[in-house]
Amino acid sequence: MFVGKEVLLGVTGSIAAYKAAEFARYLVRAGARVQVVMTRSAKEFITPLTFFSLTGREAYSEMYSGGPEVATAHIQLARRADLVVVAPASARTIARIAHGNAEDLLSTAVIASHAPVVLAPAMNPQMYAHPGVQNNLREIGGWKNYWIAAPGEGEMACGETGLGRLAEPQELMDFCGWVLGGGRQDLRGEHLVVTAGATFEDLDPVRFLSNRSTGKMGFAIAKVAAMRGAKVTLITAMKERPVPAGCVRVDVRSAAQMAEAVHAHLAQATTLIMSAAVADYRPAEVSMQKIKKKEGPLGLELARNIDILASLPPSPLRITVGFAAETENLMENAQDKLVRKHLDLIVGNDVTQQGSGFGTDTNQVILFEVGQEAIALPLMGKEEVAHAILDRVVALRQKQQAHLL
Ligand code: PMT
C-alpha cells in the first residue's frame, strides 16, 4: 500500500510529537517517501534533525526560508503528496485547516493539496471535548478527501485521563493504509455500542468460570467502526487488551455487569453489536473465602444469567447485531437466535472450523438477516470480517432511515 507513495507528514506542537518520529519510521519501512513539515511549535518538542535522520529529507517549517523553490514550496509539497497526514494535529492547526486559514507552511500545504488528508488529533481531554474543537472536526470530517483518525483514551502527559491521546503509530499505519485503499467514513454520526470478549463469573476470591473468548473479534469491530467515523463505546471485561483509538471503554467483569452497562448505554446507541461471549450461567453462590478441598467430588450449583439481548426493549431506531458461536447446526441455531432475540443481523460463527472462532486472528462467518439470503464469507482477518459486518450495518441503517421518513 505504501511502496513508492509520497507522504507529507505534518507535525504540530504537542507532547505526542515523539510518536510522529516512530510513525515516520514505520512509513519509511513500509516503502513510503516521507516529507516532514513541522510547525514552529513542533520544533519545541522534537528537532528537525530527528526527522532528517529518519526520512533522509530535510524537515521544512518556514514558508520563506530561502533557496530556489521557496516562493512555491507549499504548492510543490502539496502537489507531490499522495497522502497528507497531520499527526499529531493540534487544536490550532485543526482550526486553521477548518477555516481555510493558510497561516504557516503546514496549513498552506494541506489546503493546497489534492491528496487525501488524514488528521490525527492529540490534545488534553478538556481541549478535545471543547465544542469549538469538536465543531471544527465535525466540519472537516464532512469534507470529501478528509479523514479524522480519532484519538485514543487513557492517561495523558498532563496527568489527566480521557480521550485525546494520539493514535498509536501502528494504528495510524492501519488507518492510512485503509485510506489509501479507498476507505470511507460512512459511520459518521453513528454511535456504536460493542461488547467484546468473555465474562468472568466469580466462584470464590481465587476462582471464576469463564470461556475462551479473547476479545479479538469484538475489539476488531470497535477499531474498524471508529476508523469508519463512528463514536464507539466498548463494553468489555478484557482489561489487558489496549483500547483501540477512537473508542471509549466501559470495564465490566460479569454477565450481570455487562447487562447493566449495555442497558445504561443503550439510549445513545444507533447500533448495538453483541460479540461478547456472555456466560449463560454463574455460580449460584459466591464464597467469600477460598473453597477448601475435601475428600470426594464437589458439586457446583449454577444459576441462569440474564440473556442480555433478549432483555432489551425493541427499538425501530437501532440496529441490533448478535453473534452465534456454534459447534453444531450453525444454520438452524443462528436463525433461531436471530428471531428469538429480535435481531436485525446475526453473525453465525462455527467455532470448530480451523482458523475460526476463539483466539484466532481470522474468522469464517455467515451473516443472517430476516427475510434475506444468508451471506457466507470466506476465512478472513478479523478486521476484514468486521468491515463486512459494518457494511451490512450501514445498509440496514440506510434502510431503517428510509423507512422512518
Ligand atoms: O473473542 P475472540 O477470541 O475473538 O472470539 C470471537 C467469538 C468466537 C467469541 C465471537 O466471534 C462470537 O461468536 N461471539 C458470540 C459468543 C456467544 O456467546 O455466542 P452465543 O451463541 O452463546 O450467544 C448468542 C448471542 O447472545 C451473542 O450475541 C451473545 O453476546 C448474546 N448473549 C449470550 C448470552 C447471554 N447471557 N446474553 C447475551 O446477550
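Bear in mind that the values here come from a model prediction, so they are computed numbers and not experimental data.

Things to note about helix α8 (residues 131–141)
Logical step 1: Among the residues of α8, those classed as buried are V133, N136, L137, I140 and G141. Mapping the buried residues of α8 onto a view down its axis gives an arc of 130°, with all of them on the same face. The exposed set on the far side of α8, more than 90 degrees from its buried face, consists of P131 and R138.
Logical step 2: Structurally, α8 contributes buried residues whose contacts are with α5 (91–98), β4 (117–121), α7 (125–129) and β5 (146–148).

Description of the site of the ligand
Logical step 1: Near the ligand you find 30 residues, and of these S213, T214, K337, N349 and G359 are the closest.
Logical step 2: Measuring from an oxygen atom of the ligand, one finds a side-chain N or O atom of T214 at 2.6 Å.
Logical step 3: Separating a nitrogen atom of the ligand from a backbone N or O atom of S275 is a distance of 2.9 Å.
Logical step 4: Burial of the ligand by the surrounding chains reaches 96%, relative to a free accessible area of 780 Å².
Logical step 5: Looking at the shell around the ligand, the elements with two or more residues in it are α10 (216–227), α12 (308–311) and β16 (319–326).
Logical step 6: It is β16 that contributes the most residues to the shell around the ligand, five residues altogether.
Logical step 7: Tallied by class, residues from the shell around the ligand come to 14 nonpolar, nine polar and seven charged.

What about the environment of D307?
Logical step 1: Following the sequence through the fold, D307 ends up in the loop between β15 (302–304) and α12.
Logical step 2: Looking at D307, the relative accessible area reads 22%, which means it is partly exposed.
Logical step 3: Polar contacts involving the side chain of D307 include one to the side chain of K341, which spans 2.8 Å.

Here's the deal with the pattern of salt bridges
Logical step 1: Per the counting criterion, the structure on display carries 22 salt bridges.
Logical step 2: Where R253 meets D202, a salt bridge forms, and the shortest distance between an N and an O atom there is 2.7 Å. Residue R253 is located in the loop between β12 (247–251) and α11 (255–265), and its partner D202 is located in strand β9 (residues 201–204); the two are separated by 51 residues in the primary sequence.
Logical step 3: For R253, a relative accessible area of 31% translates into the label partly exposed.
Logical step 4: Residue D361 is joined to K216 by a salt bridge in which the shortest nitrogen-to-oxygen separation is 2.9 Å. With D361 in the loop between β17 (345–350) and β18 (362–363) and K216 in helix α10, the pair connects residues that are 145 residues apart, well separated along the chain.
Logical step 5: Overlapping salt bridges bring together R184, D186, R228 and D391 as one network.

Quick notes on the domain arrangement of the chain
Logical step 1: Domain boundaries assigned for the chain yield domain 1 (6–180) and domain 2 (191–280 + 302–404).
Logical step 2: A C-alpha centroid distance of 34 Å is found between domain 1 and domain 2.
Logical step 3: Listed as interface residues are ten residues of domain 1 and, on the opposing side, eleven residues of domain 2.
Logical step 4: Of the roughly 870 Å² buried where domain 1 meets domain 2, counting both sides, 60% is carbon and sulfur surface.
Logical step 5: When the area that domain 1 buries against domain 2 is broken down by residue, the three leading residues are E153, E171 and W178, summing to 55%.
Logical step 6: Linking domain 1 with domain 2 are one salt bridge, by the criterion used here.
Logical step 7: Here D174 ties to K223 by a salt bridge, and the two come within 2.5 Å at their closest N and O atoms.

Describing the sheet that holds strand β1 (residues 6–11)
As a general point, the strands of a sheet are linked pairwise by backbone hydrogen bonds and lie either parallel or antiparallel.
Logical step 1: Read from one edge to the other, the open sheet built from five strands follows the order β2-β1-β3-β4-β5, with strand pairing classed as parallel. The sheet is open, and its two borders are formed by β2 (33–38) and β5, each paired with just one other strand. Adjacent strand axes in the sheet meet at a mean angle of 20° when their direction is disregarded.
Logical step 2: Pairing between β1 and strand β3 (residues 83–89): four bridges, direction parallel. Opposite L8, over in β3, you have V84 as the bridge partner.
Logical step 3: Contacting β3, β4 and β5, α5 crosses the sheet at an angle of about 140° to β3.
Logical step 4: This element, α8, spans β4 and β5 of the sheet and lies at about 135° to β5.

Topic: the environment of R57
Logical step 1: Of note, R57 is situated in the loop between α3 (48–55) and α4 (73–80).
Logical step 2: Here R57 falls in the partly exposed class, since its relative accessible area comes to 22%.
Logical step 3: As for R57 and Q35, which are separated by 22 residues in sequence, their C-alpha atoms are 6.5 Å apart.
Logical step 4: If sequence neighbours within four positions are ignored, R57 has contacts with E6, R33, V34, Q35, F51, F52 and R80.
Logical step 5: A polar atom in the side chain of R57 sits 2.9 Å from the side chain of E6.

Observations concerning the nonpolar core
The nonpolar side chains of soluble globular proteins are, as a tendency, buried together.
Logical step 1: Residues I221, V262, I273, I389 and L390 are the most contacted members of the largest nonpolar core, which totals 62 residues.
Logical step 2: When neighbours within four sequence positions are excluded, V262 is seen to be in contact with T195, I235, L272, M274, I308 and L312.
Logical step 3: Formed by 38 residues, the second largest nonpolar core is a distinct cluster that contains A17, V36, I46 and V118.

Observations regarding the pairing of β9
Logical step 1: Note: β9 against strand β10 (residues 207–209), three bridges, orientation antiparallel. Looking at the pairing, D204 lines up with R207 of β10.
Logical step 2: Taking the residues that link successive antiparallel strands as the turn, the β9-β10 hairpin has two residues.

A look at the sheet that holds β17
Logical step 1: One open sheet accounts for eight strands, arranged β12-β11-β8-β13-β16-β17-β19-β20; its pairing is mixed. Both outer strands of the open sheet, β12 and β20 (375–376), are each paired with one neighbouring strand and no more.
Logical step 2: Sitting on the sheet, α10 touches β8 (191–196), β11 (231–236), β12, β13 (271–274) and β16, and the angle it makes with β11 is about 165°.
Logical step 3: Sheet strands in contact with helix α13 (residues 330–340) are β16, β17 and β19 (365–369), and its direction is about 150° off that of β17.

Reading the values: the criteria
Position labels on residues start from 1 in each chain and follow its written sequence. It should be noted that, the model being predicted, local features are given only for residues of pLDDT at least 70 and side-chain atom pairs only at 80 or more, the latter also being counted only at that level, while totals for whole chains, interfaces and linings use all residues. Just so you know, side-chain values use all the structure's heavy atoms and leave hydrogens and water out. Exposure is judged per residue with a 1.4 Å probe applied to protein chains only, and the accessible area is read against the type maximum: over 50% gives exposed, under 20% gives buried, and values in between give partly exposed. Put simply, DSSP H or I for four residues or longer makes a helix, DSSP E for two residues or longer makes a strand, and each gets a number counted from the N terminus. The arc in question is the one traced by the directions running from the helix axis out to the C-beta atoms. Here, residues are in contact when the closest pair of their heavy atoms is within 4.5 Å. Any residue with at least one heavy atom within 4 Å of a molecule or strand is counted as near it. For the purposes of these results, a polar contact is taken to be a pair of N or O atoms within 3.5 Å, where, inside protein, one atom must be able to donate a hydrogen and its partner to accept one; residues adjacent in sequence count only when each atom of the pair is a side-chain atom. Note on areas: Shrake-Rupley with a 1.4 Å probe; residue coverage comes only from the protein chains shown. Three classes are used: nonpolar for Ala, Val, Leu, Ile, Met, Phe, Trp, Tyr, Cys and Pro, charged for Asp, Glu, Lys and Arg, and polar for all others, with Gly counted as polar. Salt bridge, as used here, is a side-chain nitrogen of Lys or Arg placed within 4 Å of a carboxyl oxygen of Asp or Glu. Segment limits for the domains were obtained from an automatic or database-derived domain assignment. By definition, the buried area sums, over both parts, the 1.4 Å-probe accessible area that each loses when the two are put together. Whether two strands pair comes down to DSSP finding at least two bridges between them. To obtain each axis, a line is fitted to C-alpha atoms, and for helices this fit is confined to the stretch in contact; angles are then taken between N-to-C directions over 0 to 180 degrees. Among buried residues, those of type Ala, Val, Leu, Ile, Met, Phe, Trp, Tyr and Cys that are joined through side-chain atoms within 4.5 Å constitute a nonpolar core.

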